[in-house]
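# Coordinate inspection notes
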Amino acid sequence: LWAKVQQQPLAGQLTVRIARNQQQAAREATVSVRFAPVQLQPPWRPNGEKLPEVTLHAILVREDHPPDDVDEPIEWLLLINLPVADFATAVQVIQWYCARWQIEVYHKIIKSGCRVEDCRLQTAERLYSYIALMCVIAWRLHWLTYINRVEPDLPCTVALSTVEWQALYMRTHNTTVLPDAPPSVRQAVRWIAQLGGFLARKRDGEPGITVIWRGWQRLQDIAATWHLVKDQPPLVGNR
């Protein structure tokens, strides 16, 4: 399979953005693109059952000239059951693949953060409604994490309601005196993460989704309480 696609003519070059991981910083890589239709032979089965061949398109994405400080250059072999007849279509498939990590993180939030697999509703209709609600919550948490990476200096009101950021500020600073302007997205996300166990040390980097969703759950309780009491007159005596 690899040999067949490697023998195909060069379809073009593309620049892809590689996300930061524990081994290396975020970077951009220039890759070559080759593609070809392929026939995959079915596996042998002991009972003699004969399965049909599978027709797919293979796309080879390779970083032919990586920088000297890159330990693992890009080399992806993608298989897809959609037709790939030109370079533009191959680029679209590569862009889909580049989004895979964000999709995986989103599903991690749904499963591990929102814990949809622990739900014990007895009918499919109720389960559909529950999962739909959890998907919205998971999307907001994922978006909050992402916007903190790309637009950290925006005011936090792009992501939080007035009650949420006010309750967060007062809880973090142990005060009832609010600032003249809302804090930035980066400040608010770090405070939320600290509610979830993030230590915010100098070398800790930006908080991940796990501590953010833990802090988010605590923030909702704090914000709900603040929403109930902020416009109420103070209690007097034994009332």
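Check the entry above for the structure.
Not measured: the values here are computed from a predicted model.

Definitions and cut-offs
- Residues numbered from 1 in each chain as written.
- Predicted model: local features only at pLDDT ≥ 70, side-chain atom pairs only at ≥ 80, totals over all residues.
- Heavy atoms only, no water.
- Helix = DSSP H or I, 4+ residues; strand = E, 2+ residues; numbered from the N terminus.
- Buried < 20%, exposed > 50% of the residue type's maximum accessible area, 1.4 Å probe, protein only.
- Core = buried A, V, L, I, M, F, W, Y, C linked by side-chain atoms within 4.5 Å.
- Contact = heavy atoms within 4.5 Å.
- 1 Å grid on protein atoms, 1.4 Å probe; cavity = no way out; pocket = protein on both sides within 12 Å on 5 of 7 lines; lining within 4 Å.
- Points joined across faces, edges and corners; volume = space filled by probe spheres on them.
- Nonpolar A, V, L, I, M, F, W, Y, C, P; charged D, E, K, R; others polar.
- Axes fitted to C-alpha atoms, helices over the stretch in contact; angles between N-to-C directions.
- Parallel < 35°, antiparallel > 145°, perpendicular 65-115°, else oblique.
- Left-handed = near helix turned anticlockwise from the far one by under 90°.
- Phe/Tyr/Trp six-rings, centres within 6.5 Å; stacked < 30°, edge-to-face > 60°.
- Patch = residues over 30% accessible without salt bridge, like charges linked within 9 Å, V, L, I, M, F, W, Y side chains within 5 Å.
- Areas by Shrake-Rupley, 256 points an atom, 1.4 Å probe, with all protein chains shown as cover.
- Salt bridge = Lys/Arg side-chain N within 4 Å of Asp/Glu carboxyl O.

On to unusual backbone geometry. For Arg115, which is not glycine, the phi dihedral falls at a positive 55°. By secondary structure assignment, the location of Arg115 is in the loop between helix H3 (100–113) and helix H4 (124–150). Residue class for Arg115 comes out partly exposed when judged on its relative accessible area of 48%. Of note in the backbone geometry, Asn174 takes a positive phi value of approximately 55° without being a glycine. You can see Asn174 is positioned in the loop between helix H5 (162–173) and helix H6 (185–195).

Attention shifts here to the nonpolar core. Taken as a class, soluble globular proteins show a tendency for nonpolar side chains to be buried jointly. Core analysis: the biggest nonpolar cluster contains 30 residues, and Leu160, Leu168, Ile192 and Ile212 have the highest contact counts within it. Mapped by element, the contributors of at least two residues to this core are H3, H4, H5, H6 and helix H7 (209–229). Per-element accounting of this core gives the leading share, 7 residues, to H6. The residues contacting Ile192, other than those within four sequence positions of it, are Leu144, Leu160, Leu168, Val211, Ile212, Gly215, Trp216 and Leu219. Core analysis: the second largest hydrophobic core is formed by 18 residues, Ile18, Val31, Phe35 and Ile80 among them.

We now examine empty space enclosed by the protein. If a probe the size of a water molecule is rolled over the atoms, the empty space left behind becomes visible. Applying the stated criterion across every chain yields a total of 1 cavity of 30 Å³ or more. As for the largest cavity, its lining consists of Leu144, Cys156, Ala159, Leu160, Val185, Ala188, Val189 and Ile192. The greatest single-element share of the lining of the largest cavity, amounting to 4 residues, is contributed by H6. Its residues assigned to classes, the lining of the largest cavity shows 8 nonpolar, no polar and no charged.

Here the focus is the packing of H3 against H4. For any two helices packed against each other, the geometry is given by the interaxial angle and the distance between the axes. Relative orientation of the contacting elements H3 and H4 amounts to 130°, with a least axis distance of 9 Å. One finds that H3 runs oblique with respect to H4. Helix-helix and strand crossings are classified by hand; for H3 and H4 the assignment is right-handed. Side by side, H3 and H4 meet where Gln102, Val105, Tyr106, Ile109 and Ile110 of the first sit next to Cys135, Ala138, Trp139, Leu141, His142 and Tyr146 of the second. Tallied by class, residues from the contact of H3 with H4 come to 9 nonpolar, 2 polar and no charged.

Turning next to the packing of aromatic side chains. As enumerated under the stated definition, the model contains 3 aromatic pairs in all. Look at Trp76 and Tyr97: their rings are 4.9 Å apart centre to centre, the planes differ by 65°, and that puts the pair in the edge-to-face class. Of this pair, Trp76 sits in strand S4 (residues 75–80) while Tyr97 is found in helix H2 (residues 87–98), placing the two residues 21 residues apart along the sequence. Accessibility expressed as a relative area gives 12% for Trp76, which makes it buried. Taking relative accessible area as the criterion, Tyr97 reaches 27% and is therefore assigned partly exposed. When the ring of Tyr169 is compared with that of Trp191, the centres are 5.8 Å apart and the planes differ by 70°; the resulting orientation is edge-to-face. Placement of the pair is Tyr169 in helix H5 and Trp191 in helix H6, with a sequence separation of 22 residues.

Here we come to a nonpolar patch on the surface. Taken together, the side chains of Leu1, Trp2 and Leu79 present a nonpolar region at the surface, about 280 Å² in accessible area. Mapped onto the elements of the fold, Leu1 is located in the segment before helix H1 (2–6). The exposure class assigned to Leu1 is partly exposed, which follows from its relative accessible area of 43%.

Another aspect to go through is the pattern of salt bridges. Between side chains of opposite charge, a pair can form when the charged atoms approach closely. By the definition in use, this model includes 9 salt bridges. The partner of Glu164 in a salt bridge is Arg140, and the shortest N-O contact between them spans 3.0 Å. Pair noted here: Glu164 is in helix H5 and Arg140 is in helix H4, with a separation of 24 residues, a long-range link. The class for Arg140 is partly exposed, based on a relative accessible area of 29%. Each member of the salt-bridge network shares a partner with another, and the members are Arg186, Arg190 and Glu206.

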